[in-house]
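Chain residues, written in single-letter form:
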Amino acid sequence: MKKLLLALAAILGLASCGAEPIWAPDEAVAAARYEHPGPTSVTLYTVLSTRSGAGAHAGLLINGSQRVLFDPAGTWRHPRLPERNDVHYGITPKMVDFYIDYHARETYDVVEQTVEVSPEVAALIMQRAMAYGAVPKANCTIALSRVLDGVPGFESLPMTWYPKRMMQAFAELPGVATRTITDDDADENHGVLLVQAGDPRLE
């Protein structure tokens, strides 16, 4: 009986480490598809504490045959954007701004690092992100590490759990373009932009 209880406890423990899967229907994903006119690229977003400098979150914008956002274990959502297991579809320039505004606030800065890649590399990263599955909490950077592991041009990146370490390694990639976004909004304004979800200017 004791062994049975221990086995059940182990199963429940493993279940609690999982993430809730989300799977938008095909028609929603197809309708949201957005092809950005810029060069094929990947952009790493890293959220840094302004108090300690520690990394708090990381996400990856992939611009290939379409533009999607892989936001592993992220809390950002938009009712107009379909999602499949942490991959958000229909990422227009306005939605990129919206994602940044959601994270950049009084106590957090956002570092944006973009690297141009070939269409084939963009397609590979996108396929890996789409196939990865729902990501548990606190697993954002290790999920990104696994998606980018061994991809041509990204072999120097570490396998890491830490957003700041990934950001520092990304900074060493050839041709990377970096900018830091700050925001003076108070913490209580965190997420308030979601109220504007029905604003047609978000198109």
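Residues numbered from 1 in each chain as written. Predicted model: local features only at pLDDT ≥ 70, side-chain atom pairs only at ≥ 80, totals over all residues. Heavy atoms only, no water.

Student: What is the right way to read the packing of aromatic side chains from this model?
Tutor: Each pair of aromatic rings is reported with the distance of its centres and the angle of its planes. Counted by the stated rule, this structure contains 5 aromatic pairs. With 6.0 Å between their ring centres and 40 degrees between their planes, phenylalanine 154 and phenylalanine 170 make a pair best called tilted. With phenylalanine 154 in the loop between α5 (140-148) and α6 (163-170) and phenylalanine 170 in helix α6, this pair connects stretches of sequence that are 16 residues apart. The buried category is assigned to phenylalanine 154, whose relative accessible area is 2%. (Phe/Tyr/Trp six-rings, centres within 6.5 Å; stacked < 30°, edge-to-face > 60°. Helix = DSSP H or I, 4+ residues; strand = E, 2+ residues; numbered from the N terminus. Buried < 20%, exposed > 50% of the residue type's maximum accessible area, 1.4 Å probe, protein only.)

Student: Sorry, what's going on with the packing of α5 against α6 here?
Tutor: When two helices pack together, you describe them by how their axes are tilted relative to each other and by the distance separating the axes. Interaxial distance between α5 and α6 falls to 9 Å at its minimum, and their mutual angle equals 35 degrees. Residues Cys140, Thr141, Ser145 and Leu148 of α5 form the contact with α6, whose own contacting residues are Pro163, Met166 and Phe170. (Axes fitted to C-alpha atoms, helices over the stretch in contact; angles between N-to-C directions. Contact = heavy atoms within 4.5 Å.)

Student: Mind showing me how you'd approach the sheet that holds strand β3 (residues 67-70) here?
Tutor: Pairing between sheet strands relies on hydrogen bonds along the backbone, with the strands arranged either parallel or antiparallel. On the basis of which strands lie adjacent, the open sheet formed by 7 strands has the order β4-β5-β3-β2-β1-β6-β7 and antiparallel pairing. Among the strands making up the open sheet, the edge pair consists of β4 (83-84) and β7 (177-181). Bridge count between β3 and strand β5 (residues 87-89): 3 bridges; the pairing is antiparallel. Note that in β5 the partner of valine 68 across the bridge is tyrosine 89. Along the sheet, α5 makes contact with β1 (41-49), β2 (55-63) and β3, crossing β2 at roughly 35 degrees. (Pairing = 2+ DSSP bridges.)

Student: I'm lost on the environment of methionine 159 in this one. Help?
Tutor: Inspection of the secondary structure puts methionine 159 in the loop between α5 and α6. Distance in space between the C-alpha atoms of methionine 159 and leucine 144 is 8.8 Å, their sequence separation being 15 residues. Leaving out residues up to four positions away in the same chain, methionine 159 has contacts with Ile142, Ser145, Arg146, Asp149 and Arg165.

Student: Please clarify how the pattern of salt bridges should be interpreted in this entry.
Tutor: If the charged atoms of two oppositely charged side chains come close together, the side chains can form a pair. The full count for this structure, using the stated rule, is 4 salt bridges. Arginine 33 is the partner of glutamate 35 in a salt bridge, and the nearest nitrogen-oxygen pair spans 3.2 Å. One salt bridge connects arginine 77 with glutamate 83, and the closest N-O pair in it is separated by 3.1 Å. The exposure class assigned to arginine 77 is partly exposed, which follows from its relative accessible area of 33%. The exposure class assigned to glutamate 83 is buried, which follows from its relative accessible area of 7%. (Salt bridge = Lys/Arg side-chain N within 4 Å of Asp/Glu carboxyl O.)

Student: Even after reading the chapter, I still don't get the environment of proline 163, so can you show me in this structure?
Tutor: Looking at the element boundaries, proline 163 is found in helix α6. By relative accessible area, which is 8% here, proline 163 ends up buried. If we skip the residues at most four places from it in the chain, proline 163 touches Thr46, Gly55, Ala56, His57, Ala58, Cys140 and Thr141.

Student: Would you explain the nonpolar core in this entry?
Tutor: It is characteristic of soluble globular proteins that their nonpolar side chains tend to be buried jointly. Ranked by size, the top nonpolar core spans 31 residues in total, and within it Ile62, Phe70, Ile125, Phe154 and Phe170 carry the most contacts. Elements with a contribution of two residues or more to this core: α2 (26-32), β1, β2, β3, β5, α4 (119-132), α5 and α6. Element by element, the count of residues in this core is highest for α4, at 5 residues. Discounting residues that sit within four places of it in the chain, phenylalanine 170 has contacts with Val42, Leu44, Gln113, Val115, Leu148, Phe154, Leu157 and Val176. Counting 16 residues, the second largest nonpolar core, distinct from the first, contains Trp76, Phe98, Tyr99 and Tyr102. (Core = buried A, V, L, I, M, F, W, Y, C linked by side-chain atoms within 4.5 Å.)

Student: What is the right way to look at the pairing of β1 in this model?
Tutor: A regular strand carries its side chains on alternate faces of the sheet. Burial analysis of β1 places 9 of its 9 residues in the buried class, the great majority of the element. Burial along β1 is two-sided: the residues Ser41, Thr43, Tyr45, Val47 and Ser49 and Val42, Leu44, Thr46 and Leu48 are all buried. Both β1 and β2 contribute to a ladder of 8 bridges, which runs antiparallel. Residue valine 42 lies in a different strand from β2, and its bridge partner there is isoleucine 62. Here β1 folds back onto β2, and the loop between the two strands holds 5 residues, one of which, glycine 53, carries a positive phi near 80 degrees. In terms of strand pairing, β1 meets strand β6 (residues 108-116) through 9 bridges, oriented antiparallel. Residue pairing in the sheet places valine 42 in a bridge with valine 115 of β6.

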